[in-house]
Each structure stands twice: as C-alpha cells, then as structure tokens.
Amino acid sequence: MTTPVTISDRAARRIGEILKGEGTGAMLRISVEGGGCSGFQYKFDIDRARGDDDLVIEQENAVVLVDSASQPFLAGSQVDFVDDLIGASFRVNNPNATASCGCGTSFSI
C-alpha cells in the first residue's frame, strides 16, 4: 500500500464515542469483502484482537484496524462521518473506486 488510509476528525470523534461504549480493548475494524450491488462492500466491525499484518490507525480516542487483504482496496481512502438529512453514517472516500452504489456502502474497481 503506497498511500495510507486516513480518518477525518469527525470520524475519529464518532469512533471514539462508539468504542468508549464497547469497553476496554475495543477497536473498529474496517474491511472490504466481495458483494454489494457494485462488486465490493465495506464492512465495519468491533474487534478486540489485532492481527500481525493489520494496519493500525490511532487518532484521538479512535483505534482503527485494516487487514492486509483490504489495504490495497482502501489505499489513499479517507473515512469520514456524515450526519445529514438521510441519516448518520461512516463514508469511505475511496480514490480507487471507479463506481459506487447510491448509499456508498459498495463500490467497484
């Protein structure tokens, strides 16, 4: 991976709030899986174990993990948190995606 994944300040604050409620050792894992209407989809999970090959991003009270298989798909991406009229959600601004679905949870390369 040449360009790291970054977390916006808004996303870091929201992730920190979520992790605080999950107890000691909780981290947010972001991964990419096959599926969704565009071919790949983002997955967000609470995890308590770091893999040896995980990318670890620590910002404010947020700890985010990205597994090695997902890192190439997320290279150069920024994770943001948006709270607008259609709801609150994490959004991945991914420069590698050539297309995405309307809700922003799946993409193609």
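Definitions and limits used
- Residues numbered from 1 in each chain as written.
- Predicted model: local features only at pLDDT ≥ 70, side-chain atom pairs only at ≥ 80, totals over all residues.
- Heavy atoms only, no water.
- Helix = DSSP H or I, 4+ residues; strand = E, 2+ residues; numbered from the N terminus.
- Expected span 1.5 Å × (residues − 1).
- Buried < 20%, exposed > 50% of the residue type's maximum accessible area, 1.4 Å probe, protein only.
- Arc of directions from axis to C-beta.
- Pairing = 2+ DSSP bridges.
- Contact = heavy atoms within 4.5 Å.
- Axes fitted to C-alpha atoms, helices over the stretch in contact; angles between N-to-C directions.
- Phe/Tyr/Trp six-rings, centres within 6.5 Å; stacked < 30°, edge-to-face > 60°.
- Polar contact = N/O pair within 3.5 Å; in protein donor to acceptor, adjacent residues only side chain to side chain.
- Core = buried A, V, L, I, M, F, W, Y, C linked by side-chain atoms within 4.5 Å.
- Salt bridge = Lys/Arg side-chain N within 4 Å of Asp/Glu carboxyl O.

As recorded in an unreviewed UniProt entry, the protein chain goes by Iron-sulfur cluster insertion protein ErpA and comes from Bradyrhizobium guangzhouense.

Undergrad: What should I look at first to understand helix H1 (residues 9-22) in this one?
TA: Each α-helix turn comprises 3.6 residues. Residues three or four places apart therefore point the same way. Helix length check: H1, at 14 residues, gives a terminal C-alpha distance of 20 Å against a target of 20 Å (1.5 Å per residue), a fit within 8%. Turning to H1, its buried residues number three or more, namely Ala11, Ala12, Ile15, Gly16 and Leu19. In a view along the axis of H1, the buried residues occupy a sector of 135 degrees, so they form one face of it. Among the exposed residues of H1, those oriented more than 90 degrees off its buried face are Lys20 and Gly21. Following H1 by one or two positions, Gly23 has its phi on the positive side, about 90 degrees.

Undergrad: What exactly am I supposed to notice about the sheet that holds strand S6 (residues 78-84) here?
TA: Within a sheet, neighbouring strands are paired by backbone hydrogen bonds and run either parallel or antiparallel to one another. Here we have three strands laid out as an open sheet, ordered S1-S6-S7, and mixed in their pairing. The open sheet has two free edges, formed respectively by strand S1 (6-7) and strand S7 (87-93), since each of these has just one partner strand. Where S1 meets S6, two bridges bridge the pair, whose relative direction is parallel. Within S6, the residue paired with Thr6 across the bridge is Gln78. Helix-sheet contacts for H1 involve S1, S6 and S7, and the interaxial angle to S6 is about 80 degrees.

Undergrad: Looking at this structure, how should I read the packing of aromatic side chains?
TA: How two aromatic rings sit relative to each other is given by the distance of their centres and the angle of their planes. Tallying each qualifying case throughout the model produces three aromatic pairs. With a centroid separation of 4.8 Å and 45 degrees between ring planes, the pair formed by Phe40 and Phe73 is classed as tilted. Linking Phe40 in strand S3 (residues 40-47) with Phe73 in helix H2 (residues 71-74), this pair joins segments that are 33 residues apart in sequence. With relative accessibility at 26%, the residue Phe40 sits in the partly exposed group.

Undergrad: Whenever I open this one, the side chain of Ser8 confuses me. Can you help?
TA: Relative to the helices and strands, Ser8 is located in the loop between S1 and H1. Residue classification places Ser8 among the buried positions, given a relative accessible area of 9%. Side-chain polar atoms of Ser8 contact the side chain of Asp80, separated by 2.7 Å. Among residues more than four places away in sequence, those in contact with Ser8 are Gln59, Gln78, Val79, Asp80 and Phe81.

Undergrad: Is there a simple way to explain the nonpolar core in this structure?
TA: Most often, soluble globular proteins have nonpolar side chains that are buried together. By size, the foremost hydrophobic cluster in this structure holds 20 residues, and its most contacted members are Ile7, Ala11, Ile15, Leu74 and Val79. Within the residue set of this core, elements represented by two or more residues are H1, strand S2 (27-34), strand S5 (62-66), S6 and S7. Ignoring sequence-local partners within four residues, the contact set of Ile15 consists of Ile7, Leu28, Ala62, Val64 and Phe90.

Undergrad: Help me out: how do you make sense of the pattern of salt bridges in this one?
TA: In a structure, side chains of opposite charge can pair up when their charged atoms sit close to one another. Under the criterion given, the structure shown has eight salt bridges. A salt bridge links Arg10 to Asp80, with the shortest nitrogen-to-oxygen separation between them at 2.5 Å. Remark: Asp80 occurs in strand S6 and Arg10 occurs in helix H1; sequence separation between them is 70 residues. Residue classification places Arg10 among the partly exposed positions, given a relative accessible area of 46%.

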